[in-house]
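Spelled out from the first residue to the last, the chains are:
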Amino acid sequence: SLGVVEEKKLLKKEKIKENDILMAIPSNGLHSNGYSMVRNILNRNKININQSNFLKKELLKPTKIYAKTILNLNSKNLLKGGAHITGGGLIENILRVIPKNYSISIKLNKIKTKKIFSWIHKFVKHDEMLSTFNCGVGFCVIVSQKNVKKVLKYSKKSKPYVIGKIVKNKKSRVLLNGKIEF
C-alpha cells in the first residue's frame, strides 16, 4: 500500500535513545508469516488439517490490524518507533527501525505466546521460531520510559506490555535474555 504522511508525524530513528522501552502489542496468531513452514510441517508429518478444528481455526484466522492503535498513539506523540512483526520475525523487524549505534535487549520470557506457536514449536527450534514467526508479538512500539503508562492508558484494548529496551552494546545489536515459554 501507499500513503502520504506529514513530516512532523514521521517516526524517525534519530529520536530513539538508550533506555527507551520496547513494548509488545500481542498478535492474534500467525498473521502472514511462516505459512510455508507450517505447510511443510503438515506435509512432512502427514497432518490432515480437516481433522483438527484447532488448526483450521488458527490457520485461517484473519490478521489483526494495528493501524488504529498506532495512529492513536502517534497522534498523542507517544511513539519513537514501531515495527510490524512480519517476515523476518521479532528480531529482524525491530532492528530495522533503530539507529545502527544501538542494540535491543529483549526479555524473551516476558513474551506472551498463543497456543498455535506452542504447537509449531514442537516441530521448530527456538531460534528458528524467533526468525520466522511473530511468536505472539504482532507489533512492537518504542517509547520513552516516561510514556509507558500513557501508552498503556491509551491502548488498553490492544493490551501492550514491556518486553525490553534500547541499549548501547558494541559487541552485539541483539541481547536476548531467557527463552520464550512456548
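Conventions adopted
Residues numbered from 1 in each chain as written. Predicted model: local features only at pLDDT ≥ 70, side-chain atom pairs only at ≥ 80, totals over all residues. Heavy atoms only, no water. Pairing = 2+ DSSP bridges. Helix = DSSP H or I, 4+ residues; strand = E, 2+ residues; numbered from the N terminus. Axes fitted to C-alpha atoms, helices over the stretch in contact; angles between N-to-C directions. Salt bridge = Lys/Arg side-chain N within 4 Å of Asp/Glu carboxyl O. Buried < 20%, exposed > 50% of the residue type's maximum accessible area, 1.4 Å probe, protein only. Phe/Tyr/Trp six-rings, centres within 6.5 Å; stacked < 30°, edge-to-face > 60°. Lys NZ or Arg CZ within 6 Å of the ring centre and 35° of its normal. Arc of directions from axis to C-beta. Contact = heavy atoms within 4.5 Å. Patch = residues over 30% accessible without salt bridge, like charges linked within 9 Å, V, L, I, M, F, W, Y side chains within 5 Å. Areas by Shrake-Rupley, 256 points an atom, 1.4 Å probe, with all protein chains shown as cover. Lys, Arg positive; Asp, Glu negative; His and termini not counted. Charge placed at Lys NZ, Arg CZ, Asp CG, Glu CD. Core = buried A, V, L, I, M, F, W, Y, C linked by side-chain atoms within 4.5 Å.

Participant: Sorry, what's going on with the sheet that holds strand 6 (residues 174-177) here?
Facilitator: Note on sheets: strands pair through backbone hydrogen bonds, and any given pair is parallel or antiparallel. The six strands are arranged 2-4-1-5-3-6 in an open sheet whose pairing can be described as mixed. Here the strands that pair on one side only, and so sit at the sheet edges, are strand 2 (81-84) and strand 6. Adjacent strand axes in the sheet meet at a mean angle of 20 degrees when their direction is disregarded. As judged from the four bridges shared by strand 2 and strand 4 (residues 137-143), these two strands associate in the antiparallel manner.

Participant: Is there a simple way to think about the pattern of salt bridges in this case?
Facilitator: Two side chains with opposite charge may pair up if their charged atoms get near one another. Under the definition given, this model contains four salt bridges. Residue E7 pairs with K12 through a salt bridge whose shortest N-O separation is 3.1 Å. Residue E7 is classed as exposed on the basis of its relative accessible area of 55%. Across the pair K80 and D20 runs a salt bridge whose closest N-O atoms are separated by 3.0 Å. Separated by 60 residues along the polypeptide, K80 in the loop between helix 3 (67-75) and strand 2 and D20 in the segment before strand 1 (21-26) bring together distant segments of the chain. Here K80 falls in the buried class, since its relative accessible area comes to 19%. For D20, a relative accessible area of 4% corresponds to the buried category.

Participant: What am I meant to see in the packing of aromatic side chains here?
Facilitator: The geometry of an aromatic ring pair is captured by the separation of the ring centres together with the interplanar angle, meaning the angle of the planes. Applying the stated criterion across every chain yields a total of three aromatic pairs. Measuring from ring centre to ring centre gives 6.4 Å for F117 and F133, while their planes differ by 65 degrees; the resulting arrangement is edge-to-face. On the criterion of sequence distance, the pair formed by F117 in helix 5 (residues 115-121) and F133 in the loop between helix 6 (126-132) and strand 4 is long-range, its members being 16 residues apart. A relative accessible area of 0% means that F133 is categorised as buried. Over the ring of Y154 we find K76; its NZ or CZ atom is 4.9 Å from the centre of that ring. Lying across the ring of Y161, K112 places its NZ or CZ 4.3 Å from the centre.

Participant: When you look at helix 1 (residues 35-44) in this model, what are you seeing that I'm missing?
Facilitator: For the α-helix, the turn length of 3.6 residues means that residues three or four positions removed from each other point alike. Listing the buried residues of helix 1 in full gives M37, V38, I41 and L42. The arc that holds the buried residues of helix 1, viewed along the axis, is 140 degrees, so those residues lie on one side. For helix 1, the exposed residues lying more than 90 degrees away from the buried face are S36, N43 and R44. Elements in contact with the buried residues of helix 1: helix 2 (53-59), helix 5 and helix 6. Just past helix 1, the residue K46 takes up positive phi, approximately 50 degrees.

Participant: I would appreciate a short explanation of a positive patch on the surface in the present structure.
Facilitator: On the surface, K146, K150, K153 and K156 cluster together to form a positively charged patch. Tracing the sequence through the fold places K146 in the loop between strand 4 and helix 7 (148-154).

Participant: Is there a simple way to think about the pairing of strand 5 (residues 161-167) in this case?
Facilitator: The buried count for strand 5 comes to five of seven residues, which makes it a mostly enclosed element. Of the pairings in the sheet, the one linking strand 1 to strand 5 comprises four bridges and is antiparallel in character. Paired with A24 across the strands is Y161, a residue of strand 5. Of the pairings in the sheet, the one linking strand 3 (residues 103-107) to strand 5 comprises four bridges and is antiparallel in character. The partner of I104 across the bridge, within strand 5, is I166.

Participant: I tried to follow the nonpolar core on my own but got confused; where do I start?
Facilitator: Nonpolar side chains in soluble globular proteins generally cluster together in the buried interior. Counting residues in each nonpolar core, the largest one holds 38 residues, and the members touching the most others are I106 and I120. Here I106 is in contact with L22, L90, I91, I94, I111, I163, G164, L175, L176 and N177, once residues within four sequence places are set aside. Listed in part, the 13 residues of the second largest apolar core include M23, I25, F139 and V143.

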